[in-house]
Every structure is written in C-alpha cells, then in structure tokens.
Amino acid sequence: MADYTTETITRTVRRWIVPAAEPWGAAGEEISKAWGAAAAAYREAHGLAEDASIPGDALRFHVRDEDIVIEFTTEQQQDGEAR
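Worth saying up front: this structure is predicted, and the values here are computed from it rather than measured. (Residues numbered from 1 in each chain as written. Predicted model: local features only at pLDDT ≥ 70, side-chain atom pairs only at ≥ 80, totals over all residues. Heavy atoms only, no water.)

Colleague: It is not clear to me how the confidence of the model for the protein should be interpreted in this structure. Could you clarify?
Modeller: As a general rule, the predicted coordinates of low-pLDDT regions are not to be interpreted in detail. For the protein, the mean per-residue pLDDT works out to 93, and 94% of the residues sit at or above 70. Looking at the elements of the protein, mean pLDDT is at its lowest for strand β3 (residues 67-78), recorded as 95, and at its highest for helix α1 (residues 28-45), recorded as 97. (pLDDT = per-residue confidence, 0-100. Helix = DSSP H or I, 4+ residues; strand = E, 2+ residues; numbered from the N terminus.)

Colleague: Looking at this structure, how should I read the sheet that holds β3?
Modeller: Strand pairs in the sheet, formed through backbone hydrogen bonds, run parallel or antiparallel to each other. The strand order β1-β3-β2 describes an open sheet built from 3 strands, whose pairing is antiparallel. The open sheet terminates on both sides in strands that have one partner only, identified here as β1 (8-19) and β2 (60-64). Each strand axis lies, on average, 35 degrees off the axis of its neighbour in the sheet, ignoring direction. Relative to β3, α1 is tilted by about 5 degrees, and along the sheet it contacts β1, β2 and β3. (Pairing = 2+ DSSP bridges. Axes fitted to C-alpha atoms, helices over the stretch in contact; angles between N-to-C directions. Contact = heavy atoms within 4.5 Å.)

Colleague: Which parts of the structure should I look at to understand the packing of aromatic side chains?
Modeller: Applying the stated criterion across every chain, the model contains 3 aromatic pairs. Ring geometry for W16 and F72: centres 5.8 Å apart, planes at 20 degrees, overall stacked. One end of the pair, W16, is in strand β1; the other, F72, is in strand β3, with 56 residues separating them in the sequence. Under the relative-accessibility criterion, W16 is labelled buried at 15%. Seen from their ring centres, Y42 and F72 are 5.3 Å apart, and the 80 degrees between their planes marks the pair as edge-to-face. On the criterion of sequence distance, the pair formed by Y42 in helix α1 and F72 in strand β3 is long-range, its members being 30 residues apart. Side by side, Y42 and F72 carry an identical accessibility label, which is buried. (Phe/Tyr/Trp six-rings, centres within 6.5 Å; stacked < 30°, edge-to-face > 60°. Buried < 20%, exposed > 50% of the residue type's maximum accessible area, 1.4 Å probe, protein only.)

Shown next as structure tokens:
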C-alpha cells in the first residue's frame, strides 16, 4: 500500500479596479487612491506596520478592457493528513 500526504492551498486574489475608458483613461489621483488602498491591504494581510515598505513586486498592475487593475495574491496552506 502506498503512503502519501495531502495538502490544501487556498489562494485569495485581492483587486482594486480603476475605470480607464478611452479617450480619457484613468486620472492619476484615482490610481493613487487605489494604489494606496492596495498597499495598506497588503501590509495588513502580511502583518506589516502601516509605514513599512513593501516589496517592489508585491502589487501587480494590469490593463483589462477599460480598467486598470491593481492586485496581489495571498496563499494559506492547511495541514494535510498522512495516509
């Protein structure tokens, strides 16, 4: 009989979506607000102080249709069971 273990990973993707429809695009102020909110949420999710710096690649910016999306992902591993 084979021996194995199991694991479960729960991935959470947090997104801030800023409308950026043409021809005007997104206002810098709106991107700045979303960026600040995303950075604060990242710090909270990782137990960092409010003024702590975050890694340069922690937040990702994507263009999606007529939006700019700022996001980060967290993962939580649950203990598996041995068989």
